[in-house]
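One-letter residues, chain by chain:
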Amino acid sequence: MSKRLQTTPRADGFRMPGEFEPHAGCWILWPERPDNWRLGAKPAQEAFVAVARAISASEPVTMAVSPRQFQNARAMLPETVRVVEISNDDSWIRDCGPTFVTNADGEIRAIDWIFNSWGGLEGGLYFPWDQDDLVALKVAEIEKAHSYRAPIVLEGGSIHVDGEGTLLTTEECLLNKNRNPGLSRREIEDVLGEYLNITKVIWLERGVFNDETNGHVDNIACFVEPGVVALTWTDDKSDPQYEISLDAYERLSAATDARGRKLDIHKIHQPSPILITAEESAGVDVVEGTQPRREGDRMAASYVNFYIGNSVVAVPAFGDPMDEPAAETLRKLFPGRHVTQVPAREILLGGGNIHCITQQQPVGIAG
């Protein structure tokens with residue numbers, strides 16, 4: 001059975017594998033908050049079903065659902081998707097769920113990071129978040145995987161690894177005063193090293209413009225494979241994203257990974273700015289203490305927020321002219337996988353995208 005461990009993954013010989021390594025399955029959390037998802041979350045639920053369906057062609061998918069929505073989710077989802085009951089505060093399992101680690105013997109364990117709703121009482125997106133902070137432990141229990149309770153606030157979307165010792169993140173997020181204000185950059189790197197078994201951190205300055213997560217790296221850059229990075233890009237110098245992506249490109253170009261390799265960087269052009277419409281804004285309940293959805297606000301749309309499955313890559317589509325060029329670039333980067341575009345505006349309206357609502361579980365035996 002699952003138990004809490006007092007050691008660290010590095011001490012026990014475990015590492016975080018790259019997302020492109022083999023999966024046993026994928027976890028998703030079902031949306032329902034009417035103060036974040038419009039029209040009682042019905043359009044978002046349809047989008048989540050589409051994501052689950054796309055990924056389930058590649059690997060087993062588990063949908064974690066609150067008691068209130070269990071029967072509805074079961075009725076909407078394909079029979080191939082497993083539905084389990086897990087109470088939650090919202091549907092961002094990438095951030096509140098476990099980060100799985102593996103060892104050379106094929107065992108898997110789970111890291112349970114401290115979750116504070118992307119900033120706690122200083123910029124957090126909703127209150128309370130206590131049920132979300134239990135999600136990682138509950139997933140570990142269901143999978144009978146031992147777990148480590150990490151000593152820092154961290155969301156899974158704030159990190160990407162290459163599985164060979166290198167981690168990508170942003171200063172905007174991990175060095176934000178609303179995450180771990182008592183820790184220095186070096187101290188945070190030391191914790192990442194102990195829990196993910198990485199030896200090199202590549203720091204980007206910021207994430208995508210207007211990203212309410214304080215610049216999660218999974219919206220701006222990710223590893224396609226060791227030594228290869230996809231980067232959100234725009235050629236429009238008048239767009240605030242231009243300077244952000246240019247700085248990221250320069251940092252990535254100057255960096256080497258944990259094995260001393262220079263990085264091969266591929267630019268993925270962002271869609272045109274996507275703004276919240278009056279209809280979308282009016283469909284979201286207004287509740288004090290939660291992130292407002294105001295008409296005209298720009299959303300942090302990015303094609304890099306994709307999920308790498310065993311045989312598919314699930315990519316956001318926005319009905320934008322850049323949808324197809326982004327997909328074509330990704331087809332070249334993932335020749336062994338089928339690139340599947342999933343309409344994702346409804347997910348974006350909630351504050352994230354496909355990578356944010358998914359969490360891979362690597363192949364392995366719980367231990």
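Keep in mind that this is a model prediction, so the values were computed, not measured.

### A short note on empty space enclosed by the protein
- Enumeration according to the criterion identifies five cavities of 30 Å³ or more in this entry.
- Put simply, the largest cavity is a space of about 140 Å³.
- Taken together, 18 residues form the lining of the largest cavity, with Trp92, Leu125, Glu212, Arg293 and Gly350 sitting closest to its centre.
- Considering only residue class, the lining of the largest cavity consists of five nonpolar, seven polar and six charged.

### Points about the sheet that holds strand β11 (residues 221–225)
- Reading across from one edge, β11-β12-β13 is the order of the three strands in this open sheet, with mixed pairing throughout. Each edge of the sheet is formed by a strand with only one pairing partner; in this case those strands are β11 and β13 (264–269). Looking at each pair of strands side by side, their axes are set apart by 30 degrees on average, direction ignored.
- Against the sheet, helix α7 (residues 240–254) makes contact with β12 (228–233) and β13, and its axis sits at roughly 165 degrees relative to β12, the strand it touches most.
- Helix-sheet contacts for helix α9 (residues 323–333) involve β11, β12 and β13, and the interaxial angle to β13 is about 155 degrees.

### Let's talk about the pairing of strand β4 (residues 82–85)
- Strand direction decides the pairing type here: strand β3 (residues 61–65) and β4, joined by four bridges, are parallel. Across the sheet, Ala64 pairs through a bridge with Val84, a residue of β4.
- Crossover β3 to β4 through helix α2 (residues 70–76) is right-handed.

What counts and what doesn't
Residues numbered from 1 in each chain as written. Predicted model: local features only at pLDDT ≥ 70, side-chain atom pairs only at ≥ 80, totals over all residues. Heavy atoms only, no water. 1 Å grid on protein atoms, 1.4 Å probe; cavity = no way out; pocket = protein on both sides within 12 Å on 5 of 7 lines; lining within 4 Å. Points joined across faces, edges and corners; volume = space filled by probe spheres on them. Nonpolar A, V, L, I, M, F, W, Y, C, P; charged D, E, K, R; others polar. Pairing = 2+ DSSP bridges. Helix = DSSP H or I, 4+ residues; strand = E, 2+ residues; numbered from the N terminus. Axes fitted to C-alpha atoms, helices over the stretch in contact; angles between N-to-C directions. Contact = heavy atoms within 4.5 Å. Right-handed = clockwise from strand over helix to strand, strands pointing away.

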